[in-house]
Amino acid sequence: MKKNFLSLLLGVFFSITSFSQVTFEHSYTTNGNNNFPKTYAFFTDSGINYYTMNQDLNQVLFYNSSHVLFKTVNLNPGTDFNIKYIYLVTDKLFYSDAKIEFIVVSSNSLYQNKMTLFNEDGTNLFEFGDRWEAYAVKNSNLGYKLIVATDKEEPNFYDIYSLTGTLSLDQQGVLSKTQFFSFPNPTSNKISFITDLENGNTTNLEIFDINGKKVFEKNMTVIDNKIEIDVTNLNSGIYIYKLNGRSNKFIKE
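Conventions adopted
Residues numbered from 1 in each chain as written. Predicted model: local features only at pLDDT ≥ 70, side-chain atom pairs only at ≥ 80, totals over all residues. Heavy atoms only, no water. Helix = DSSP H or I, 4+ residues; strand = E, 2+ residues; numbered from the N terminus. Contact = heavy atoms within 4.5 Å. Buried < 20%, exposed > 50% of the residue type's maximum accessible area, 1.4 Å probe, protein only. Salt bridge = Lys/Arg side-chain N within 4 Å of Asp/Glu carboxyl O. Lys, Arg positive; Asp, Glu negative; His and termini not counted. Polar contact = N/O pair within 3.5 Å; in protein donor to acceptor, adjacent residues only side chain to side chain. Pairing = 2+ DSSP bridges. Axes fitted to C-alpha atoms, helices over the stretch in contact; angles between N-to-C directions.

Engineer: So, the overall build of the protein: which residues are in play, and what are the values?
Structural biologist: Per the secondary structure count, the protein includes two helices and 18 strands. Taking the contacts inside the protein whose residues are at least 6 apart along the sequence as the reference set, 44% of them involve residues at least 24 apart.

See below:
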């Protein structure tokens, strides 16, 4: 009994000492949405920064690594529009003036969507139209491709833009961790999986149903930073795919 009690005390002690290595820094409150997967952090030449959103006031707020507010950006997405999502907070991906840039998705009471590129001055740099999702994909050493897509079920549209900007190594690290997705999603026939592997490389693609049963596996070749397969023969439902050590989900209609 004493031995068991001692083991319990030691277990608690090591749990506490292990947990003590985690140091709380700060807590933020944001009432808007963020891109998925959520990051809430971005890098510039000054280091790591954080952001929050005030959906009601159409504001984006930026904080430095010490959690001090250094910029409140007032946006004008349009009459009756309120910001919903924010994507790709960087400083040199779109323009080289070192100003913080970010893509904002907003909507109105009629459920209309619009996507806009803003900078830290609140300047409207570009209108993408009725789009809902935005992703950047590294195009070998030639720059980046921007993919913006709708959220419609049938048909789903996506546009490709060439970007001449650059990203730091830290920014590329964040990008590679967040830009792992498939499109169109949901899909009824073909689907493409975005990857950060170089073109011409081969990698193993696995697809599992919601019960964990493997329904597809094949070594695939990367073309234009993506892998495309036909899923027409799959039953309708949610599937989990694994590619290059990472996983995500898609819906087969």
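Engineer: Any details on the environment of Ser-107? Residues and values, ideally.
Structural biologist: Mapping Ser-107 onto the fold places it in strand β6 (residues 101-107). On the basis of relative accessible area, Ser-107 is assigned to the buried category, the value being 11%. The residues contacting Ser-107, other than those within four sequence positions of it, are Asp-80, Phe-81, Asn-82, Lys-84, Gln-112 and Asn-113.

Engineer: Quick rundown of the pattern of salt bridges? Include the residues and the values.
Structural biologist: For the structure on display, the rule yields seven salt bridges. Of the charged contacts, one joins Asp-91 and Lys-92 as a salt bridge, the two residues approaching to 3.3 Å between their closest N and O atoms. In this structure, Glu-217 engages Lys-214 in a salt bridge whose closest nitrogen and oxygen atoms are separated by 3.0 Å. Ionic contacts of the salt-bridge type, sharing partners, join the residues Lys-71, Lys-99 and Asp-121 into one network.

Engineer: Give a detailed account of the side chain of Asp-209, specifying residues and quantitative values.
Structural biologist: Here Asp-209 is to be found in strand β14 (residues 202-209). In this structure Asp-209 is buried but unpaired, with Lys-213 as the nearest side chain of opposite charge at 5.8 Å. Polar side-chain contacts of Asp-209 include one of 2.9 Å to the backbone nitrogen of Asn-211.

Engineer: I'd like a rundown of the sheet that holds strand β15 (residues 214-221), residues and numbers included.
Structural biologist: Within the open sheet, the four strands sit side by side as β15-β14-β17-β18. Their pairing is antiparallel. At either margin of the open sheet sits one strand with a lone partner, and together these are β15 and β18 (246-252). Sheet twist, expressed as the mean angle between neighbouring strand axes with direction ignored, is 25°. Of the strand pairs in this sheet, β14 and strand β17 (residues 237-243) are connected by five bridges, and their pairing is antiparallel. Bridging from a neighbouring strand, Ile-207 pairs with Tyr-241 of β17.

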